[in-house]
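# Survey of secondary and tertiary structure
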Amino acid sequence: MACAVRLAREGADVTVFERGERLGRKLSATGNGQGNVTNLRMDAGHYFSDDVPKVARALARFGAEDAVRFLESMGGVFLPDSRGRVYPVGRQASAVTDLFRRELQRLHVNICCGAQISELAYDSAFRLAWAGGQMSADAVVLAAGGMAAPSFGTDGSAYALARAFGHTIAPLSPVLVHLRTDAAGVRGLRGIRVDAALRVLRGGKPVFEGRGDVLFTEDGVSGDAVFRASSHAREGDALEIDFIPDVAAERAARLLGGDEGCLLCLVNNGLGRTLFRRAAGDPHALLRLLKAYPLTVTGTRGFAQAQATRGGVPLGETDECFQSNFRAGLFFAGEILNVDGECGGYNLQWAFTSAHCAAEGALC
Ligand SMILES: Cc1cc2nc3c(=O)[nH]c(=O)nc-3n(C[C@H](O)[C@H](O)[C@H](O)COP(=O)(O)OP(=O)(O)OC[C@H]3O[C@@H](n4cnc5c(N)ncnc54)[C@H](O)[C@@H]3O)c2cc1C
């Protein structure tokens, strides 16, 4: 949608194909329905890709401030929170989708919903086919998403369109996803949400450290700190949770002893009861559980519940505008590319950045 707006503003004749019944259903669900569209703490260090320097160059061409300006050029006001995460002031993601729909309509962009592109070929021009018809085009931007959250129309079937032109697909895995852990570690904690520090360790060495919400579920942990950790964690890694990151171990140790009342106002009561039972009242064991609660990663809840896809069309197979190295005029934008960002607005920023670069390339 961002690419179509950019192209249509330059006078191009644009058609958007969407297999679903409406445009932007996933966008309307982002940021817990509030639409975390970008992050002002923006640099390529927040991304995973086969070519991070290329991501950095793209962000230099169209970064977070550009994305905010672009969105506000369609309407609304977008402001950051204390962690740099930018939202529409009305905190409604579906209103961001409405901005796009309104702008596409104003620019007379042809919208073809319920049309799944099943064939894309080139024979002196691009030929696109869907169940209801076919058309030809001078250029094509493939912005069909990845495999995460297939309920929004992204089941990975669109990778075949890229493969038909000789592209490979870097190995796919779900990220920004609930982590499954050993059952014993989460027993008795289901439903408890804490603001905690989280570490992922591999072979005893930290591969991720972060702070934020951790929510215990029946089979593992969720929440924004866990989503960020999921970009780094693998099956078999150790997780350590510090339930009291703002309280030094020495200070906590002075409180521990006697009955479970020693944990009052230190941690959530339900959590305190479970930790006390598990430590069998031993203050040393209790301190360890408070500052480094151990869990083992056994997997994730998979693409069905993931927010983003790792893997996709390698940046190494595209130029600086994400134009195919194998077929001039074929561009890629968004999650279909082998780029995934951390939680906090980085994936929508990537969609906007790559859409802008692809539009620039297509306009050349
Ligand atoms: C629940 C949830 C919350 C999220 N929250 C955030 C957030 O707050 N901030 C953030 O930065 N990111 C967030 N993300 C990630 C972000 O939404 C995606 O990375 C982003 O939408 C990717 O944009 P895209 O245009 O590449 O693909 P998508 O938004 O996935 O759109 C691709 C579209 O292509 C259509 N399509 C697929 N194949 C075909 C075909 N063959 N023919 C026609 N149409 C086709 C699909 O139906 C889909 O509508 C969230 C994701 C989810 C699932």
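Residues numbered from 1 in each chain as written. Predicted model: local features only at pLDDT ≥ 70, side-chain atom pairs only at ≥ 80, totals over all residues. Heavy atoms only, no water.

### Digging into the pattern of salt bridges
- Counted by the stated rule, this structure contains 23 salt bridges.
- Among the salt bridges present, the one from Glu10 reaches Arg6, with a minimum N-O distance of 3.7 Å.
- Ionic pairing is found between Arg85 and Asp81, a salt bridge with its closest N-O pair at 2.9 Å.
- Each of Arg180, Arg190, Glu218, Asp219 and Arg301 takes part in one network of salt bridges that share partners. (Salt bridge = Lys/Arg side-chain N within 4 Å of Asp/Glu carboxyl O.)

### Thoughts on the sheet that holds strand β8 (residues 126-130)
- An order of β7-β8-β9 is seen for the three strands of this open sheet, with the pairing classed as antiparallel. Two strands bound the open sheet, and with one partner strand each, they are β7 (119-122) and β9 (133-137). The mean inter-strand angle of the sheet, taken between neighbouring strand axes irrespective of direction, is 20°.
- In terms of strand pairing, β7 meets β8 through four bridges, oriented antiparallel. Its bridge partner lying in β8, Glu119 is registered against Ala129. (Pairing = 2+ DSSP bridges. Helix = DSSP H or I, 4+ residues; strand = E, 2+ residues; numbered from the N terminus. Axes fitted to C-alpha atoms, helices over the stretch in contact; angles between N-to-C directions.)

### Things to note about the nonpolar core
- In this structure, Val214, Phe216, Ile241, Phe243 and Leu263 are the most contacted members of the largest nonpolar core, which totals 38 residues.
- Elements with a contribution of two residues or more to this core: β13 (193-202), β14 (205-216), α7 (224-230), β16 (238-242), α9 (269-278), α10 (283-291) and β17 (293-300).
- If sequence neighbours within four positions are ignored, Val214 has contacts with Ile192, Arg193, Val194, Ala196, Val221, Ser222, Ala225, Val226 and Ile241.
- Counting 34 residues, the second largest nonpolar core, distinct from the first, contains Leu59, Ala115, Tyr159 and Trp350. (Core = buried A, V, L, I, M, F, W, Y, C linked by side-chain atoms within 4.5 Å. Buried < 20%, exposed > 50% of the residue type's maximum accessible area, 1.4 Å probe, protein only. Contact = heavy atoms within 4.5 Å.)

### What about the site of the ligand?
- Around the ligand sit 28 residues in total, of which Glu18, Lys26, Gly31, Glu335 and Leu348 are the nearest.
- At 2.6 Å from an oxygen atom of the ligand is found a side-chain nitrogen or oxygen belonging to Glu18.
- Separating an oxygen atom of the ligand from a backbone N or O atom of Phe152 is a distance of 3.4 Å.
- Coverage of the ligand by the protein amounts to 88% of the 1,000 Å² it exposes when considered alone.
- When contributions to the shell around the ligand are tallied by element, the ones reaching two or more residues are β1 (15-18) and α11 (346-363).
- Of the residues in the shell around the ligand, the class split is 13 nonpolar, eleven polar and four charged. (Near = heavy atom within 4 Å. Polar contact = N/O pair within 3.5 Å; in protein donor to acceptor, adjacent residues only side chain to side chain. Areas by Shrake-Rupley, 256 points an atom, 1.4 Å probe, with all protein chains shown as cover. Nonpolar A, V, L, I, M, F, W, Y, C, P; charged D, E, K, R; others polar.)

Any link to function would need more than the numbers given here.
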